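Chain residues, written in single-letter form:
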Amino acid sequence: MFMLRYLCVAVFAVLATVSCKKQDLNLHLTKPGKVESDHEVSGRWRLPKSGVVLSFDDRSVNEWFELNKLIASEYNWKATFFVNRFSSLSSDKIEKLRSLQSYGHEIAGHGLNHLDAVKYIQENGSKDYIDKEITPMLQLMRSNRLWVVNFAYPFGSRNASTDSLLLKYFHIVRGTTYSSKVTDVKDLKCYYSFDQNRVVYGLGIDEIYNNPVSYIQSVLRYAKENNKIVILYAHKPVPVAASGEYQTSYLKVQEICKYVKENGMRFYNMRDLYRLR
């Protein structure tokens with residue numbers, strides 16, 4: 001009788017252990033971060049919501065900070081800020097970047113010296129590029145408590161070799177795509193489709209790219225209808241009508257955010273894309 005009771009207890013313990021392991025495995029299927037709530041079980045995992053990654057390049061930190069103050073409460077947005085020439089930033093601007101990071105935005109890398117990766121590596125080699133452009137940028141930014149894990153190519157200059165090199169240092173690298181090269185929004189390369197790809201492409205919204213709000217809305221509409229994430233990028237947001245080539249108005253950003261919110265889409269950053277893989 002004692003042996004039978006012992007055997008029953010042992011079998012129950014094994015079954016409980018197996019059950020716990022299965023639960024642990026299921027827990028690991030969800031990714032950390034704010035995007036978790038859209039992963040629901042109904043026989044299969046449901047894809048997260050369609051949405052947008054808004055990103056800003058270079059170092060217009062004051063303008064990024066003011067833009068966030070203007071629209072954060074109304075749209076609960078988040079963005080990725082790709083910073084270059086970090087060594088030239090004032091302590092005030094570095095503190096503003098930390099503040100943006102604390103709010104929920106992502107701070108990412110755009111090169112210490114904003115070098116053309118393809119051209120520089122062809123002329124000087126990959127080791128020199130990493131030693132001058134990537135390693136010191138990561139050291140400086142991380143030593144200032146800015147947790148950089150993603151990268152945008154200056155000038156969008158990339159190829160398969162640079163991707164292979166830089167993906168040793170970053171989760172995701174971002175290139176560029178241009179509306180002038182396609183006739184239909186579905187043919188743009190700026191969509192993320194919840195796949196394993198760690199090379200993504202952004203569509204520009206600055207004045208120079210000649211993509212008005214109506215066109216961006218058509219891109220967002222396609223993403224909504226096909227459950228994709230649109231990746232957009234700009235440089236310097238301004239409170240008035242954009243007059244410089246690499247400027248975009250606050251109003252344009254607000255119109256994009258309004259469309260996202262009114263159509264039940266979601267704001268993502270680059271970190272989220274990696275978690276969704």
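Quick caveat: nothing in here was measured; it's all calculated off a predicted structure.

Undergrad: I'd like to hear about the overall build of the chain, residue by residue, with values.
TA: Within the chain, the regular secondary structure consists of nine helices and 13 strands. Residues classed as buried in the chain amount to 48% of the 277 residues present. Taking the contacts inside the chain whose residues are at least 6 apart along the sequence as the reference set, 75% of them involve residues at least 24 apart. Roughly 14100 Å² of accessible area belongs to the chain as shown, and the carbon and sulfur atoms make up 53% of that amount.

Undergrad: Describe helix 7 (residues 213-225), naming the residues involved and giving the relevant values.
TA: End to end, helix 7 covers 18 Å across 13 residues, agreeing with the expected 18 Å (1.5 Å per residue, within 8%). What helix 7 keeps buried is the set Ile 216, Ser 218, Val 219, Leu 220, Tyr 222 and Ala 223. Looking one or two places after helix 7, you find Asn 227, whose phi comes out positive at around 50°.

Undergrad: Lay out the packing of helix 2 (residues 61-75) against helix 3 (residues 91-103) in plain terms, naming residues and giving numbers.
TA: Two quantities define a packed helix pair, namely the angle between the axes and the distance from one axis to the other. Closest axis-to-axis distance for the helix 2/helix 3 pair is 9 Å, and the angle between their directions is 35°. Here the hand of the crossing between helix 2 and helix 3 comes out left-handed. On helix 3, the residues that touch Val 61, Asn 62, Trp 64, Phe 65, Asn 68 and Ala 72 of helix 2 are Asp 92, Lys 93, Lys 96, Leu 97, Ser 99, Leu 100 and Tyr 103. Residue composition of the contact of helix 2 with helix 3, by class: seven nonpolar, three polar and three charged.

Undergrad: Let's hear about the pairing of strand 5 (residues 106-109): which residues, and what values?
TA: With burial as the criterion, each face of strand 5 is covered, one bearing Glu 106 and Ala 108 and the other bearing Ile 107 and Gly 109. The pairing of strand 4 (residues 80-83) with strand 5 spans four bridges and is parallel. Looking at the pairing, Phe 81 lines up with Ile 107 of strand 5. As a crossover connection, the stretch from strand 4 through helix 3 into strand 5 is right-handed.

Undergrad: Kindly report on the environment of Arg 145, identifying the contributing residues and their values.
TA: Residue position: Arg 145 is located in the loop between helix 5 (126-143) and strand 6 (150-152). Residues Arg 145 and Arg 98, spaced 47 residues apart in sequence, show a C-alpha to C-alpha distance of 7.3 Å.

Undergrad: Now, about unusual backbone geometry: what can you tell me, with residues and values included?
TA: Phi is positive for Asn 76, which is not a glycine, with a value near 50°. Along the polypeptide, Asn 76 turns up in the loop between helix 2 and strand 4. One non-glycine residue, Asn 210, lies in positive phi territory at about 55°. With respect to the helices and strands, the residue Asn 210 is situated in the loop between strand 9 (199-204) and helix 7. Note on Asn 210: relative accessible area 64%, which makes it exposed.

Undergrad: Pulling in residues and values, what's your account of helix 3?
TA: Here helix 3 is 13 residues long and its end C-alpha atoms lie 18 Å apart, about the 18 Å a rise of 1.5 Å per residue gives. When we look at burial in helix 3, the residues that qualify are Ile 94, Lys 96, Leu 97, Arg 98, Leu 100 and Gln 101. Residues of helix 3 that are buried in the fold lie against helix 2, strand 4 and strand 5. Count one or two residues on from helix 3 and you reach Gly 104, which has phi positive near 130°.

Undergrad: So what about the packing of helix 7 against helix 8 (residues 250-262)? Which residues, and what values?
TA: At their nearest, the axes of helix 7 and helix 8 sit 10 Å apart, and the two run at 25° to each other. One element, helix 7, and the other, helix 8, form an angle in the roughly parallel class. Note on packing geometry: the crossing formed by helix 7 with helix 8 is right-handed. Residue-level contacts link Val 213, Ile 216, Gln 217, Leu 220 and Arg 221 of helix 7 to Lys 252, Glu 255, Ile 256, Tyr 259 and Val 260 of helix 8.

The rules we used
- Residues numbered from 1 in each chain as written.
- Predicted model: local features only at pLDDT ≥ 70, side-chain atom pairs only at ≥ 80, totals over all residues.
- Heavy atoms only, no water.
- Helix = DSSP H or I, 4+ residues; strand = E, 2+ residues; numbered from the N terminus.
- Buried < 20%, exposed > 50% of the residue type's maximum accessible area, 1.4 Å probe, protein only.
- Contact = heavy atoms within 4.5 Å.
- Areas by Shrake-Rupley, 256 points an atom, 1.4 Å probe, with all protein chains shown as cover.
- Expected span 1.5 Å × (residues − 1).
- Axes fitted to C-alpha atoms, helices over the stretch in contact; angles between N-to-C directions.
- Left-handed = near helix turned anticlockwise from the far one by under 90°.
- Nonpolar A, V, L, I, M, F, W, Y, C, P; charged D, E, K, R; others polar.
- Pairing = 2+ DSSP bridges.
- Right-handed = clockwise from strand over helix to strand, strands pointing away.
- Parallel < 35°, antiparallel > 145°, perpendicular 65-115°, else oblique.

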